[in-house]
There are 2 protein chains.
Amino acid sequence: MSGRLFVVGLGPGDAALRTAEAEAALSQATDLVGYAPYLARVATGPGIVRHGSDNRVELDRARLALDLASRGRVVAVISGGDPGVFAMASAVFEAVEHGDPAWRALEISIVPGISAMMAVAARVGAPLGGDFCAISLSDNLKPWPVVLGRLRAAAGAGFVIALYNPISSARPWQLGAAFEALRGILPATSLVLFATAVTRPEERIRIVALGDADPALADMRTLVMIGCAGTRSIARADGGAWIYTARSVPAS
Amino acid sequence: MSGRLFVVGLGPGDAALRTAEAEAALSQATDLVGYAPYLARVATGPGIVRHGSDNRVELDRARLALDLASRGRVVAVISGGDPGVFAMASAVFEAVEHGDPAWRALEISIVPGISAMMAVAARVGAPLGGDFCAISLSDNLKPWPVVLGRLRAAAGAGFVIALYNPISSARPWQLGAAFEALRGILPATSLVLFATAVTRPEERIRIVALGDADPALADMRTLVMIGCAGTRSIARADGGAWIYTARSVPAS
């Protein structure tokens with residue numbers, strides 16, 4: 001079989017944040033597979049087949065892409081951000097592991113992209129300047145006590161925390177419960193960023209204290225970041241602020 | 001003042017992994033500031049001033065860049081990977097916080113890049129498919145007990161762990177001590193990746209079990225990644241393997 005499968009990260013939204021490698025993969029594809037709003041970001045010529053889907057069928061989407069590639073098509077599975085971070089790459093390999101053995105002969109290329117937490121960090125300064133972690137707040141695929149345990153471990157050890165998938169209509173209470181758990185460990189003055197639709201026209205960034213963090217500031221397009229003891233604000237001359245995390249950690 | 005400061009992420013090495021925004025920033029710069037091997041990756045025309053330095057003077061480099069920008073130059077501070085991840089962005093804001101108040105009026109733009117852990121993940125499959133963390137193993141700026149505490153917290157809570165700055169001639173024993181600490185928490189069969197100079201001609205990736213992980217497999221160009229319980233290997237038809245982390249975490 002001569003098909004190929006690319007899993008392509010588009011980055012946070014602004015096309016200027018795509019890599020040349022991502023553009024090259026998209027230009028080769030005969031078929032695009034992905035969540036419809038991501039597909040809409042990709043301009044293509046005639047003859048390119050688009051296979052759009054909704055947001056909660058990652059495995060079906062992965063199997064469709066693998067099947068198309070095994071029939072000789074050049075398939076690009078489209079992810080926002082980086083495909084390896086809470087996106088399509090893991091679903092593709094899960095499908096390979098449990099699927100048609102012929103899929104193990106396919107050439108599969110993961111094309112990295114700028115993940116949301118790096119894009120958010122760049123917009124506000126350098127809040128990921130120390131050790132940090134990324135946690136998906138979705139409990140669709142892992143038990144909520146696991147999520148809580150990771151939040152507590154990360155906060156207790158001094159990591160900056162990036163929360164992906166903070167809230168959705170099907171998961172309305174988890175972000176509030178996460179803040180509640182973090183308030184038991186971190187000072188109420190800890191900085192929290194709500195960064196929505198970063199690098200897109202509707203971008204909105206709010207910086208609040210953990211004590212005042214309101215889950216209503218987040219929606220499905222939001223990345224939430226919680227600072228550590230070394231995360232601080234610098235007043236800019238224009239009245240705004242930069243947020244950064246100091247590289248040094250004092251001896252306690 | 002009309003100067004500008006860009007802090008630009010070049011990504012892991014291959015120029016195809018730079019973003020269009022990074023290329024645009026580099027094309028505007030009158031002055032490039034950075035660690036000499038990173039500067040060597042940037043092709044520039046005549047008249048561009050290059051300010052190379054060695055690897056351990058981040059704050060001096062940041063102050064030089066801010067001073068040049070405040071004199072009206074358009075300065076690009078060059079980072080490998082993403083500038084916000086164990087790189088120059090945090091040093092620049094540290095210099096701003098403690099430096100000339102006029103620097104707070106500068107236009108400072110952080111231009112994100114593909115960080116090493118995303119590039120490594122893409123090369124091998126999807127090992128960052130679950131929750132993960134990034135830890136710098138350098139104890140130049142934080143006490144070693146803090147590093148150990150974070151390693152233990154992350155391993156105990158089930159994070160995949162990416163280790164930046166794993167080893168250097170000045171820090172020869174820390175990686176071995178880190179493996180030793182992790183062996184007290186994680187199974188000896190846990191997967192460990194040693195990924196050196198990823199996407200560059202001299203790229204070398206080794207996959208071993210934690211019980212066999214030898215610090216001698218790492219050098220200054222290496223990112224080390226330690227899998228969690230859900231990190232597994234899939235045999236490819238060509239005899240190689242993909243590594244990925246399952247999205248699902250079973251109830252314990």
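Procedures and definitions
In every chain, residue numbers begin from 1 and rise along the written sequence. In the order they appear in the text, chains get letters beginning with A and ligands get numbers beginning with 1. At least 70 in pLDDT is required for a residue's local features to be given in this predicted model, at least 80 for side-chain atom pairs to be given and counted, and no such filter applies to totals for whole chains, interfaces and linings, which use all residues. Water and hydrogen atoms were dropped before computing side-chain values, which therefore reflect all heavy atoms in the structure. Helix numbering and strand numbering both begin at the N terminus, where a helix is a DSSP run of H or I of at least 4 residues and a strand a DSSP run of E of at least 2. Exposure is judged per residue with a 1.4 Å probe applied to protein chains only, and the accessible area is read against the type maximum: over 50% gives exposed, under 20% gives buried, and values in between give partly exposed. Residues count as neighbours in contact if any of their non-hydrogen atoms are within 4.5 Å of one another. Any carboxyl oxygen of Asp or Glu that lies within 4 Å of a side-chain nitrogen of Lys or Arg is treated as forming a salt bridge with it. Whether two strands pair depends on DSSP finding at least two bridges between them. Fitting a line to C-alpha atoms yields each axis, with helices limited to the stretch in contact; the angle taken between N-to-C directions then spans 0 to 180 degrees. Nonpolar cores were defined as sets of buried Ala, Val, Leu, Ile, Met, Phe, Trp, Tyr and Cys residues, with membership established by side-chain atoms within 4.5 Å. Domain boundaries shown here were taken from an automatic or database domain assignment. Throughout, buried area stands for the accessible area (probe radius 1.4 Å) lost by two parts on being put together, summed over both. For this scheme, ten residues count as nonpolar: Ala, Val, Leu, Ile, Met, Phe, Trp, Tyr, Cys and Pro. Four count as charged, namely Asp, Glu, Lys and Arg, and the remainder, Gly too, count as polar. In superposing the copies, a least-squares fit is computed on C-alpha atoms, taking residues whose pLDDT is at least 70 in both. Polar contacts, as used here, are pairs of N or O atoms within 3.5 Å; protein pairs need one atom able to donate a hydrogen and one able to accept it. Residues neighboring in sequence count only if both atoms are side-chain atoms. Handedness of a helix crossing follows the sense of rotation of the near helix relative to the far helix, less than a right angle counterclockwise being left-handed and clockwise being right-handed.

1. A look at the environment of A76(B)
Residue and element names in this part refer to chain B. For A76, the position within the fold is in strand β4 (residues 74-79). Take A76: its relative accessible area is 0%, and that puts it in the buried class. Residues A76 and Q28, 48 residues apart in the sequence, show an inter-C-alpha distance of 8.6 Å. With sequence-adjacent residues up to four places away left out, A76 is seen in contact with F6, V8, L26, A29, D31, L32 and V33.

2. Some details on the pattern of salt bridges
Once the charged atoms of two side chains with opposite charge are near each other, the side chains can pair. Scanning the entire structure with this criterion turns up 30 salt bridges over all chains. Between E203(A) and R123(A) there is a salt bridge, with its nearest N and O atoms 3.0 Å apart. With E203(A) in the loop between β9 (191-196) and β10 (204-209) and R123(A) in helix α5 (residues 116-124), this residue pair connects regions lying 80 residues apart in the sequence. You can call E203(A) partly exposed: its relative accessible area is 26%. Between R221(A) and D219(A) there is a salt bridge, with its nearest N and O atoms 2.6 Å apart. Judged by relative accessible area, R221(A) falls into the partly exposed class, the value being 38%. One continuous salt-bridge network, built from bridges that share partners, spans E58(A), E94(A) and R247(B).

3. So, the sheet that holds strand β6 (residues 125-126) of chain A
Pairing is mixed in the open sheet, where three strands are placed in the order β6-β13-β12 (chain A). Edge positions in the sheet fall to β6 and β12 (231-235) of chain A, since each of these pairs with one other strand and no more. Direction of pairing for β6(A) relative to strand β13 (residues 241-245) of chain A: parallel, over a ladder of two bridges. Bridge pairing links A126(A) to Y244(A) in β13(A). Along the sheet, helix α4 (residues 88-98) of chain B makes contact with β6, β12 and β13 of chain A, crossing β13(A) at roughly 120°.

4. Describing the nonpolar core
Of all hydrophobic cores here, the largest spans 60 residues; its most connected members are L151(A), I161(A), F194(A), L151(B), I161(B) and F194(B). For I161(A), the residues in contact, after removing those within four places along its chain, are C133(A), I135(A), L151(A), A154(A), A155(A), L182(A), V224(A), M225(A) and I226(A). Counting residues in hydrophobic clusters, the runner-up holds 46 residues, among them M118(A), A121(A), I114(B) and A162(B).

5. Overview of the domain arrangement of chain A
All names here are of chain A. Parsing chain A into structural domains produces domain 1 (4-114) and domain 2 (117-245). Put simply, the middle of domain 1 and the middle of domain 2, counted by C-alpha atoms, are 28 Å apart. Counting residues at the interface gives 11 residues for domain 1 and 12 residues for domain 2. Carbon and sulfur atoms supply 68% of the area buried between domain 1 and domain 2, which totals about 730 Å² over both sides. Our count for the contact surface shared by domain 1 and domain 2 stands at zero salt bridges. When its residues are assigned to classes, the side of domain 1 that touches domain 2 shows six nonpolar, two polar and three charged.

6. Side note on the relation of the copies chain A and chain B
Least-squares fitting of chain A to chain B yields an RMSD of 0.0 Å, with the transformation described by 0.0 Å of translation along the axis and a rotation of 180°. In the structure described here, the two chain copies are related by an operation that fits a two-fold rotation axis. A symmetric contact is evident, with 100% of the interface residues of chain A recurring at the interface of chain B.

7. Some words on the interface of chain A and chain B
Across the contact, 70 residues belong to chain A and 70 residues belong to chain B. Here chain A and chain B share an interface that buries about 5800 Å² over both sides, 62% of which is from carbon and sulfur atoms. Seen at the junction of chain A and chain B, the total is 10 salt bridges. Between R247(B) and E94(A) there is a salt bridge; the shortest N-O distance is 3.2 Å. Counting across the interface, chain A meets chain B through 32 residue pairs in polar contact (both at pLDDT 80 or more). For the side of chain A that touches chain B, the element with the highest residue contribution is helix α4 (residues 88-98) of chain A, accounting for eight residues. Here the residues of the side of chain A that touches chain B sort into 42 nonpolar, 14 polar and 14 charged. As defined by bridge partners, strand β7 (residues 132-136) of chain A adjoins strand β7 (residues 132-136) of chain B across three bridges and the pair is classed as antiparallel. Directly across from F132(A), in β7(B), lies its bridge partner A134(B).

8. Considerations on the packing of helix α6 (residues 144-157) of chain B against helix α7 (residues 174-183) of chain B
Residues and elements named next belong to chain B. Orientation of α6 relative to α7, taken along the N-to-C sense of each, is 35°, at an axis distance of 10 Å. Along this stretch, α6 crosses α7, giving a crossing that reads as right-handed. Contacts between α6 and α7 involve W144, L148, L151, R152 and A155 on the former and, on the latter, Q174, A177, A178, A181 and L182. A breakdown of the residues in the contact of α6 with α7 according to their chemical character gives eight nonpolar, one polar and one charged.

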